[in-house]
2 protein chains.
Amino acid sequence: MQRFAFNLHSRDGAARCGTITTSRGEIRTPAFMPVGTAGTVKAMLPGSVRETGADILLGNTYHLMLRPGAERIAGLGGLHRFMNWDRPILTDSGGFQVMSLADLRKLTETGVTFRSHIDGSKHELTPERSMEIQRLLGSDIVMAFDECPALPAEGSRVAESMRLSMRWAERSKAAFGDRPGHALFGIQQGGVTRELREESAEALRAIGFDGYAVGGLAVGEGQEAMFGVLDYACDMLPDDRPRYLMGVGKPDDIVGAVKRGIDMMDCVLPSRSGRTGQAFTRRGVVNLKNARHADDPRPLDAECTCPACRSYSRAYLHHVFRAGEMISGMLLTWHNLHYFQEIMAGMRKAIAEGAFAEWEADFHATRAAGDIEPA
Amino acid sequence: MQRFAFNLHSRDGAARCGTITTSRGEIRTPAFMPVGTAGTVKAMLPGSVRETGADILLGNTYHLMLRPGAERIAGLGGLHRFMNWDRPILTDSGGFQVMSLADLRKLTETGVTFRSHIDGSKHELTPERSMEIQRLLGSDIVMAFDECPALPAEGSRVAESMRLSMRWAERSKAAFGDRPGHALFGIQQGGVTRELREESAEALRAIGFDGYAVGGLAVGEGQEAMFGVLDYACDMLPDDRPRYLMGVGKPDDIVGAVKRGIDMMDCVLPSRSGRTGQAFTRRGVVNLKNARHADDPRPLDAECTCPACRSYSRAYLHHVFRAGEMISGMLLTWHNLHYFQEIMAGMRKAIAEGAFAEWEADFHATRAAGDIEPA
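Residues numbered from 1 in each chain as written. Chains lettered and ligands numbered in written order. Predicted model: local features only at pLDDT ≥ 70, side-chain atom pairs only at ≥ 80, totals over all residues. Heavy atoms only, no water.

Note the threshold: UniProt positions are given in the numbering used here, feature names are shortened, and annotations may be inferred rather than shown by experiment.
Per an unreviewed UniProt entry, chain A goes by the name Queuine tRNA-ribosyltransferase and belongs to Palleronia aestuarii. Looking at chain A in UniProt, the text filed under Catalytic activity (unreviewed entry) is "7-aminomethyl-7-carbaguanine + guanosine(34) in tRNA = 7-aminomethyl-7-carbaguanosine(34) in tRNA + guanine". Under the Pathway (unreviewed entry) heading, UniProt states for chain A: "tRNA modification; tRNA-queuosine biosynthesis."

This is the structure we're talking about:
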């Protein structure tokens, strides 16, 4: 069994480029993980997700435990086989989504009891149950069970929540045990308060994890505040372990995070936006819903090599969105995931060449030039 | 420019196997045409449709004239380029769908005026306008403009409607003109009345078309009545031209139609059913919505080579249907279209080998054996 490992190849300022090795294959970092919430990256076949350049997917413990159920997936051979993705999968702990999606949540020292948003059935998530579910799913990278408040929140609430998450991190580590080939990541909390972030990082380092996530960001604090936290939070985490920024983000969030030392990210944005007619391109966001595209024979992005850009006009993408056709979500999701992976590949190359600053300047200049006006 | 041609290679009883040649490629007959209503075979990318074995698609004049508009598609280079399908396309005339979908229809000798079911805008379809729209779309096989009542209908209504359609067929031919590389098909009407079918066939033969459709079936008369009409209707149409049965059907309808001399068919059934969790298999219909599949590790059909059967369990297909995930419609549509094309390929091979009766017996016996029970 290939043991989990992280090798850094290059640095450029705080930005890093490396390889995470797992028993199911390598992950090139910085890595963007498409989100396969309920056992599918929405509107995509797994082979197509791989074609965009993804090395790893994220699966959601909360969704999968409710439907179809972790024991059921285990009985069917695990999540990889179930969803036809044989490369690495990272699963979140369920903590964040219980607090944002479930009904009648009750938070105690033990964990969270709640009712399913799907059928109202009663469930409990604890550090121990989260570890069990992630084991049943067969996750390659398991996240410690945590809890975090939406920001802005009172300082005392943020501190209490962080300390509870640190106690849960310790219980997660104990429950995870020794599983060669599988990794457990701890999650730093503490909101936008430097002292709390430091206290959290110390607690996590004392427990010891295979990787460290920066949690509790992208929850309403804004990009400036997020970057402000990343400016010091990355340095608080072990240099030789992957750093994962959870739930981020827009293209410029991703670039700013990598610049500050983040190695992994995930976000529903490329797939969710793809289903609502929004395309991310080098030149910014293009909204295909807009009537100005109705007669536009040009591709979404002439330099993009994804199927949507290679074979279709903006007029077609506009038409199928307006007509509510599934191919609209299929093509735009593919494009968005392709573009996100292109950003990651561009950053990896730039870091390896010591040219991250130039790459970043070009990234922002191209966006600032804006979308080409209709012909 | 390759001229339209039809070459018959083999006969087995009334069943025929041949090749239709168009400027955009060959169509192996008997052929099943997936329906790409609004410029997309729902839930499929065109390359995937081709992978199922489809040589030709059907496009709907009614839908496309309303949205995005025939002139717009022409301005964008035609329907093939618009929807990224470079092989043959057959377009219907709009007549059938105006009568079934549009609001406030008014039928006169000239044509039909109606309001769009999408935005209430007022439109007119006449034989001349239908020919113009189908030319603007760039259709390879154009259908004469016709009208047909739902069955059962009064005899006098069926006769009047048929005679109007024959006058429209003549106007369609005149308006179509001489377009090398493009074909015009006439449509036989007459309901389930043999004398009316004969009168209609005579009228069409007198006008002269590149191919002949059997219209006005699959509109409520039932399979037995439909086969009863096909038993004589095919013989009324020129032997050396393709015969196209419009809007049919279920797998056993298709087999029965080919047995009676039909060369081409189209139906929304495989794609529509795919989106509602229904799979057509050698062993009959499997409804993935059914809870009995929730823990079933077996593929939908172990002998099928489509992506849904090759890579997924029934449990997964059940899960993603229940969760409302797009991949459900994507995989089941792919499977259904694959299976329909497999039926066509099986029939073509059987006819070529003079073994249609054996093939048909096996087809029915496999279905009768039923779906394998859950393990």
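**Details of the UniProt feature "binding site: substrate" (unreviewed entry) in chain A**
Residues and elements named next belong to chain A. The line we're drawing: Per the convention used, a helix needs a DSSP run of H or I reaching at least four residues, while a strand needs a run of E reaching at least two, with both numbered from the N terminus. Each residue's exposure class comes from its accessible area (1.4 Å probe, protein chains only) as a fraction of the maximum for that residue type: buried when under 20%, exposed when over 50%, partly exposed otherwise. In this description, contact between two residues means that some pair of their heavy atoms is separated by no more than 4.5 Å.
On the UniProt side, "binding site: substrate" (unreviewed entry) is annotated at positions that read Asp 92, Ser 93, Gly 94, Gly 95, Phe 96, Asp 146, Gln 189 and Gly 216 here. Positionally, Gly 94 belongs in the loop between strand E6 (89-91) and helix H5 (95-101). Under the relative-accessibility criterion, Gly 94 is labelled buried at 1%. Apart from residues no more than four positions distant in its own chain, Gly 94 is found in contact with Thr 61, Tyr 62, Leu 125 and Phe 145.

**Remarks on the packing of helix H10 (residues 251-259) of chain B against helix H14 (residues 326-352) of chain B**
All names here are of chain B. Operational definition: To get an axis, fit a line to the C-alpha atoms, keeping to the stretch in contact for a helix; angles then go from 0 to 180 degrees between the N-to-C directions. Roughly parallel means an angle under 35 degrees; roughly antiparallel means over 145; roughly perpendicular covers 65 to 115; every other angle is labelled oblique. Each crossing gets its handedness from the near helix: less than a right angle anticlockwise from the far helix is left-handed, clockwise is right-handed. The classification used treats Ala, Val, Leu, Ile, Met, Phe, Trp, Tyr, Cys and Pro as nonpolar, Asp, Glu, Lys and Arg as charged, and all other residues, Gly among them, as polar.
One can describe the packing of H10 onto H14 by two numbers: an axis separation of 11 Å at closest approach and a directional angle of 25°. One element, H10, and the other, H14, form an angle in the roughly parallel class. The hand of the H10/H14 crossing is right-handed. Contact with H10, carried on its side by Pro 251, Ile 254, Val 255 and Val 258, involves Tyr 339, Phe 340, Ile 343, Met 344, Met 347 and Ile 351 of H14 and no other residues of that element. A class-by-class count of the residues in the contact of H10 with H14 yields 10 nonpolar, no polar and no charged.

**Quick word on the interface of chain A and chain B**
To keep it simple, the criterion reads: Put simply, buried area is the surface a 1.4 Å probe can reach on two separate parts but cannot reach once they are joined, added for both. Every case where a carboxyl oxygen of Asp or Glu lies within 4 Å of a side-chain nitrogen of Lys or Arg is listed as a salt bridge.
The interface is formed by 37 residues belonging to chain A together with 37 residues belonging to chain B. Carbon and sulfur atoms make up 63% of the area that chain A and chain B hide from each other, which totals about 3100 Å². The shortest N-O distance in the salt bridge between Arg72(B) and Asp295(A) comes to 2.8 Å. At the level of elements, helix H4 (79-83), helix H13 (314-322) and helix H14 (326-352) of chain A are the ones that each hand at least two residues to the side of chain A that touches chain B. If one sorts the elements of the side of chain A that touches chain B by residue count, H14(A) sits on top with six residues. Residues of the side of chain A that touches chain B, tallied by class, amount to 21 nonpolar, seven polar and nine charged.

**Side note on the sheet that holds strand E8 (residues 112-115) of chain B**
Residues and elements named next belong to chain B. Let me state the cut-off plainly: If DSSP finds at least two bridges between two strands, the strands pair.
Ordered in space as E7-E8-E9, the three strands form an open sheet in which the pairing is antiparallel. With partners counted over all chains shown, the strands left at the sheet margins are strand E7 (103-107) and strand E9 (122-125), one partner each. Within this sheet the neighbouring strands show an average axis-to-axis angle of 15°, counted without direction. With four bridges connecting them, E8 and E9 associate as antiparallel partners.

**Details of unusual backbone geometry**
Comment: phi is negative for the bulk of residues other than glycine, and the bulk of peptide bonds are trans. The peptide bond linking Val248(A) to Gly249(A) adopts the cis configuration, its omega dihedral lying at 0°. One can find Gly249(A) in the loop between strand E13 (243-245) and helix H10 (251-259). Geometrically, the link from Arg67(B) to Pro68(B) is a cis peptide bond, its omega value of 10° lying close to zero. One can find Pro68(B) in the loop between helix H2 (61-66) and helix H3 (70-75).

**So, the relation of the copies chain A and chain B**
These two copies of the chain differ by a rotation about an axis and a displacement along the same axis. Using the following cut-off: For the least-squares superposition of copies, only C-alpha atoms count, and only for residues with pLDDT at least 70 in both.
The two copies are related by a screw motion: chain A maps onto chain B through a turn of 180° and a shift of 0.0 Å along the axis, at an RMSD of 0.0 Å. One copy is carried onto the other by what is essentially a two-fold rotation axis. Among all residues of chain A, the minimum C-alpha distance to the rotation axis is found for Met326(A), at 3.8 Å. Looking at chain A, 100% of its interface residues are interface residues in chain B too, so the copies touch through the same face.

**Concerning the state of the cysteines**
Residue and element names in this part refer to chain B. In plain terms, the rule: By convention in this document, the label disulfide applies to cysteine sulfur atom pairs within 2.5 Å.
Applying the stated criterion across every chain, the model contains zero disulfides over all chains. Unpaired in terms of disulfides, Cys 148 finds its nearest cysteine sulfur in Cys 267, a separation of 14 Å. Note on Cys 148: relative accessible area 11%, which makes it buried.

**Points about the side chain of Asp253(A)**
All names here are of chain A. Following the sequence through the fold, Asp 253 ends up in helix H10. The exposure class assigned to Asp 253 is buried, which follows from its relative accessible area of 8%. Contact partners of Asp 253, with chain neighbours within four places excluded, come to Gln 223, Met 226, Phe 227 and Val 248.

**Digging into the pattern of salt bridges**
What the rule picks out here adds up to 48 salt bridges over all chains. Glu109(A) is paired through a salt bridge with Arg167(A); the nearest N and O atoms lie 2.7 Å apart. Residue Glu109(A) is located in the loop between strand E7 (103-107) and strand E8 (112-115), and its partner Arg167(A) is located in helix H7 (residues 155-176); the two are separated by 58 residues in the primary sequence. Here Asp296(B) makes a salt bridge to Arg298(B), at a shortest N to O gap of 2.7 Å.

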